[in-house]
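# Fold and geometry: a report
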Amino acid sequence: MRRLTPWLLLAPGLLLVVVVLLAPVLNTGVMPFASGRAASLYQRFFFGSYNQGVILRTLQVASVTTLVSLALGFTAAYVVSRAPAALKSLLIVAAVFPLLTGTVVRSFAWMVILGRNGMANDALLKLGLTSEPVQLLYTQFAVVVGLVYLFTPLMILSLVGVLENIDTDLPRAAASLGAPPRAVFRQVVLPLATPGLIVGSVLVFTGSFTAFATPQLLGGEEQTVLATLLYQKAMVTLDWNGASTIASAMVVMTVIVVLLMNRLARRLNPASV
Amino acid sequence: MTQSLALDHVTAHYGTTRVLEDLSIRIAAGELVSLLGASGCGKTTTLRLVAGFMTPTEGTIRLGERDLTRLPAHRRDIGLVFQNYALFPHLSVADNVGFGLRQRGVAPDERGRRVAAMLERVGLAALADRYPAALSGGQKQRVALARALVIEPQLLMFDEPLSNLDAKLRVDMRVEIRELQRANGATAVYVTHDQEEAFSISDRVAIMDAGRIVQLDTPETLYQRPNSEFVARFVGFENMIPLAVTRREAGVAIAEGAEGTRLALPEAEFGRVPDRFVLGARPAGLAVTDADAPLGIPATLGLRTYLGRAYQYQCRTPGGALVADGPLDRPLETGQAARLVPLAQQCCILPDAGRR
Amino acid sequence: MAAPRSPLDRTHPGLIAATAVVYLFLLGPLVIVFGAAFSNTTFLAFPPQGLSLRWFENAFANSAFRASFVTSMQVAFGGTGLALLLGVPAAYAMSRYRVQLPKALSVMFVLPILIPEIVAGFSMLRFLQVSLGLPVVAALLLGHALLVLPYTVRVIGASLAAFDFSAEEAAISLGSPPLKTFVTIVLPNIRSGVIAAFVLAFITSLNDVSISVFLTGPGVSTLPIQILSYVEQFFDPTVASVSVLLMVLTVAVMAAVERTLGLTTFTK
Ligand SMILES: Nc1ncnc2c1ncn2[C@@H]1O[C@H](COP(=O)(O)OP(=O)(O)O)[C@@H](O)[C@H]1O
Ligand SMILES: [Mg+2]
């Protein structure tokens, strides 16, 4: 009886995961095979020229988003982590707030900015950089901006945590041994932050690789990515075999990225072994 | 090349709180001086100022001919051993020790040689490729030491370097630190709150209180002739007995205190006795004698404890509670009346700091 | 009189300027949405050319928005409540009986984060609604409970990690029955964890798109999905005013959390 107690407490939660997530996803995974046309479905998915374009675009958008948020997030996190206490909490709140605002609202904000009558075009016209409004919305640029906007707060918050975990005596020790500020950053702060940078990048990459609302609103049909393609197949063209194929491929690709990056993080962090 | 260190009228603040006040100290080339004081008295702050992690609001810091006051930390050439070691967790033992040489542009092969020699000296040659996470406390301490020594700094500083080690290791390490510092010939500042540690390894000890140095002297002088009640208490003069001289005859001062207290102090033994003063006495400096003795402090004996070398008594006297040692061959009973007589060897004469 | 800071603590002015730009980038667009919400033009523009509340009126008059707001609340409260009901015992079991449970178990409760939401949503649609025939609201409720389960397990697990279970054993040895002990001894000690978990989960559920977009059906929609479909048809400031209302709600929740727990809750 006593040995059963923990399992009785865990059972309801596990049941939810199994019935609402595991079973449905496995069901999705086997669907292409159950149809008996798995080979042709996967072939169409990976080698059809339209799909290949979508896959490449998705990877490209996610990679660029990750790099840009990493640059913006690390810069801001570095400054935030060194700010005096009161300012620091203010800056953290300012990063938390967008994070708690929904993806639809945040993507919508960029529709307002990038639209034909939006501020961006206004500015371009006033600066004389263009004589008539340019198409900004429904471009890959718009999708990347929207995703960077979505994920930078996450990056800032996770990197502030990473930087604050670095013992403040370490930069001092380095300086006392003769390292100028630049060397302190390169030889001490950066290497110690690297595992955290990778973890943050994994979060952002997987997040933007599978994001739906932002590409849907800012990319439209022209900038279809895997998530929006999955949605179209499932809800518009009702091609459920196709949708299941995309879904399975997305899971596999996500898992591969996570595993690779985790390995990299471990390689770069010899101190953890 | 060893240099002397001089702090002149240094004042320092954290925000608006003043933590050091008009602190001056001169440490000769090759000398090891300890800063000794209770937690929070400003020892670490003093090191941080010298190391350049903080700038004084007033005063100057000089190392030999160089004015360090506004020099960035990385150009001061000081070897610093941190309380929590501050080893770089992402670097191996060898790379930790080689860090300072690398900053100085020492070529890799020479760097390797010097690091190896230093690791040999601190007994860590076998652990060169380990990472700090896989070291014991004592080993980390040695790495921190090697890292500070290998750059052959003009000044070595230690911030409570042994406080995280167990008692046995602490004694071994302090001997080792002293030997390494001697061999290196560097001027050294050593921070600790452990009196025995400070006295055992220092040429001189600066006793600090609330952001000030209250006495700077050799361990022997501090131990025998503290210049204030604060220092006296610090070095074990537990009893403070306020007295006034009523008569002087044939080199003996007769001093009286609280009701019935009457002492004869030969100036040949106690030194010059001012008219008003405080007698500091270690427990061993108050002998318990018979109640009918003509001179002494009248006392009633309280709790007796056995210390091995003596019995110790908590005594009630007209002037307040005192602690005194009694002879081993004759244990006395609680409640018994006695007289306490000062022994010059274990007593000191302190200025009367404005008592009523 | 503050002491001058040493060069080591000084941050390069270029970095400070860059950070200011990043924060402008983070907060500017939200300000723009605010401006657009109060404009009196029929197209989305910033700065607004005149002020009016007509788009708020429009939003309140829109029955689809009203209905979807109600659904969102129901689903967020219901889903979060269910997740807490399942997550609290699970987190408790995992920290109390850690040694005798398989290590891999915790992976089960991370799965909802590991598996892309969009995949989960699609799979739920097929399995819960099509294969099992669950009604829309039930499926939404289950889907959201699953979505937020990891937050409840993790946040409550973190506060249980700081709890000393010997206090519980002491109470039991003094004759208090286990369930009562849990309520009177354990729960008060993890109160802040439960509140934090609730808030995080609630906001996550309220903002969810990727799962809801599959599970909502004709006539039953959540607010974000309603906004999504509105924006795809009309490009007027109504949605801006709905967004403002959502942001005000978020600020209210943040203020409440700040009052009770401090905002560092969100960075953990
Ligand atoms: N970063 C800081 N900010 C504000 N006050 C500090 C800071 N560091 C130390 N203090 C205060 O300065 C005083 C001296 O501290 P410190 O030099 O660390 O003492 P010690 O090393 O002798 O224990 C203490 O009262 C301490 O509370
Ligand atoms: Mg200290």
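Nothing here was measured: the structure is a model prediction, and the numbers come from that model. (Residues numbered from 1 in each chain as written. Chains lettered and ligands numbered in written order. Predicted model: local features only at pLDDT ≥ 70, side-chain atom pairs only at ≥ 80, totals over all residues. Heavy atoms only, no water.)

As a further point, take the packing of helix H9 (residues 181-210) of chain A against helix H2 (residues 93-103) of chain B. Between H9(A) and H2(B), the shortest axis-to-axis distance is 13 Å and the interhelical angle comes to 155 degrees. Judged on the interaxial angle alone, H2(B) and H9(A) are roughly antiparallel. The two elements H9(A) and H2(B) cross, and the hand of that crossing is right-handed. Where H9(A) approaches H2(B), its residues A:Ala183, A:Gln187 and A:Val188 are matched on the opposing element by B:Phe99, B:Arg102 and B:Gln103. (Axes fitted to C-alpha atoms, helices over the stretch in contact; angles between N-to-C directions. Helix = DSSP H or I, 4+ residues; strand = E, 2+ residues; numbered from the N terminus. Parallel < 35°, antiparallel > 145°, perpendicular 65-115°, else oblique. Left-handed = near helix turned anticlockwise from the far one by under 90°. Contact = heavy atoms within 4.5 Å.)

Glancing now at the site of ligand 1. All names here are of chain B. Taken together, Tyr 14, Val 19, Ala 38, Ser 39, Gly 40, Cys 41, Gly 42, Lys 43, Thr 44 and Thr 45 form the complete shell of residues around ligand 1. Within the backbone of Gly 40, an N or O atom sits 2.6 Å from an oxygen atom of ligand 1. Contacts to ligand 1 include Lys 43, whose backbone N or O atom sits 2.9 Å from an oxygen atom. When the free accessible area of ligand 1 is taken as 560 Å², the share hidden by the protein chains comes to 56%. The element that contributes the greatest number of residues to the shell around ligand 1 is helix H1 (residues 43-51), accounting for three residues. (Near = heavy atom within 4 Å. Polar contact = N/O pair within 3.5 Å; in protein donor to acceptor, adjacent residues only side chain to side chain. Areas by Shrake-Rupley, 256 points an atom, 1.4 Å probe, with all protein chains shown as cover.)

Let us look at the UniProt feature "domain: ABC transporter" (unreviewed entry) in chain B. Taking the UniProt record as the reference, the feature "domain: ABC transporter" (unreviewed entry) is found at residues 5-235 of chain B. The straight-line gap between the two end C-alpha atoms of residues 5-235 of chain B is 26 Å; of that span, 36% is helix and 26% is strand. (UniProt positions renumbered as here; feature names shortened; annotations may be inferred.)

Considering all chains together, one arrives at 28 aromatic pairs over all chains under this definition. An angle of 45 degrees between the planes, with centres 5.2 Å apart, marks the rings of C:Phe65 and C:Tyr230 as tilted. Of the two residues, C:Phe65 is situated in helix H3 (residues 63-96) and C:Tyr230 in helix H11 (residues 223-233); the sequence distance between them amounts to 165 residues. Here C:Phe65 falls in the buried class, since its relative accessible area comes to 4%. The class for C:Tyr230 is buried, based on a relative accessible area of 9%. With a centroid separation of 5.2 Å and 85 degrees between ring planes, the pair formed by C:Tyr92 and C:Phe182 is classed as edge-to-face. Here C:Tyr92, found in helix H3, pairs with C:Phe182, found in helix H8 (residues 178-189); they are 90 residues apart in sequence, far enough to count as distant. In this structure C:Tyr92 comes out as buried when scored by relative accessible area, which is 9%. By relative accessible area, C:Phe182 is classed as buried at 16%. Each member of the aromatic cluster is reached from another via a ring pair, and the members are A:Phe212, A:Tyr231, A:Trp240, C:Phe122 and C:Phe214. (Phe/Tyr/Trp six-rings, centres within 6.5 Å; stacked < 30°, edge-to-face > 60°. Buried < 20%, exposed > 50% of the residue type's maximum accessible area, 1.4 Å probe, protein only.)

Moving on, we get to the interface of chain B and chain A. Each side of the interface is counted separately: chain B has 21 residues, and chain A has 19 residues. Buried area between chain B and chain A, summed over both chains or domains, comes out near 1900 Å², and the portion from carbon and sulfur atoms is 67%. It is B:His74, B:His90 and B:Gln103 in chain B that bury the most area against chain A; as a group they hold 30% of the surface buried on that side. Here chain B and chain A share zero salt bridges between them. With four residues, the top contributor of residues to the side of chain B that touches chain A is H2(B). Of the residues contributing to the side of chain B that touches chain A, the split by class is 13 nonpolar, four polar and four charged. (Buried area = accessible area lost by both parts, 1.4 Å probe. Salt bridge = Lys/Arg side-chain N within 4 Å of Asp/Glu carboxyl O. Nonpolar A, V, L, I, M, F, W, Y, C, P; charged D, E, K, R; others polar.)

Another point: the sheet that holds strand E13 (residues 262-266) of chain B. Residue and element names in this part refer to chain B. Strands sit in the order E13-E12-E11-E14-E20 across an open sheet of five strands; the sheet is antiparallel. Every interior strand has two partners, whereas the edge strands, E13 and strand E20 (347-351), have only one. Strand after strand, the sheet turns through a mean of 40 degrees between neighbouring axes, direction not considered. (Pairing = 2+ DSSP bridges.)

All names here are of chain B. In this sheet, strand E19 (residues 337-342) lies alongside strand E16 (residues 297-306) in antiparallel orientation, the contact comprising four bridges. Paired with Thr 300 across the two strands is Ala 337, which belongs to E19. Where E16 folds back onto strand E17 (residues 311-317) in an antiparallel hairpin, the turn is made up of four residues, including Gly 308, whose phi is positive at roughly 95 degrees.

Now for the domain arrangement of chain C. Residues and elements named next belong to chain C. As assigned here, chain C comprises domain 1 (16-52) and domain 2 (63-260). Once you take the C-alpha centre of each, domain 1 and domain 2 turn out to be 31 Å apart. Taken together, the contacts link ten residues of domain 1 with eight residues of domain 2. For the pair domain 1 and domain 2, the two sides together bury roughly 740 Å², of which 84% comes from carbon and sulfur. In this structure, the connection of domain 1 to domain 2 is made through zero salt bridges. (Domains from an automatic or database assignment.)

Our next topic: helix H1 (residues 5-34) of chain A. Roughly 45 degrees is the biggest bend found in H1(A), and it falls at A:Ala11, with proline A:Pro12 one to four residues downstream. Positive phi appears at A:Gly36, one or two residues downstream of H1(A), with a value of about 75 degrees. (Bend = angle between axes of the 7 residues up to and from the residue.)

Another point: the interface of chain A and chain C. Between chain A and chain C, the residue contacts involve 80 residues of the former and 78 residues of the latter. For the pair chain A and chain C, the summed buried surface comes to about 7200 Å²; carbon and sulfur atoms form 82% of the total. Counting the surface chain A buries against chain C, the share from its top three residues, A:Phe97, A:Leu100 and A:Phe108, is 9%. The tally of links from chain A across to chain C stands at seven residue pairs in polar contact (both at pLDDT 80 or more).

Before going further, it helps to spend a moment on the UniProt feature "transmembrane region" (unreviewed entry) in chain C. Taking the UniProt record as the reference, the feature "transmembrane region" (unreviewed entry) is found at residues 20-46, 67-92, 104-125, 132-153, 182-204 and 237-257 of chain C. Annotated as 82% helix and 0% strand, the span residues 132-153 of chain C places its first and last C-alpha atoms 27 Å apart.

This part takes up the UniProt feature "domain: ABC transmembrane type-1" (unreviewed entry) in chain C. Residues annotated in UniProt with the feature "domain: ABC transmembrane type-1" (unreviewed entry) correspond here to residues 69-257 of chain C. Along residues 69-257 of chain C the backbone is 80% helical and 0% strand, and the end-to-end C-alpha distance reaches 22 Å.

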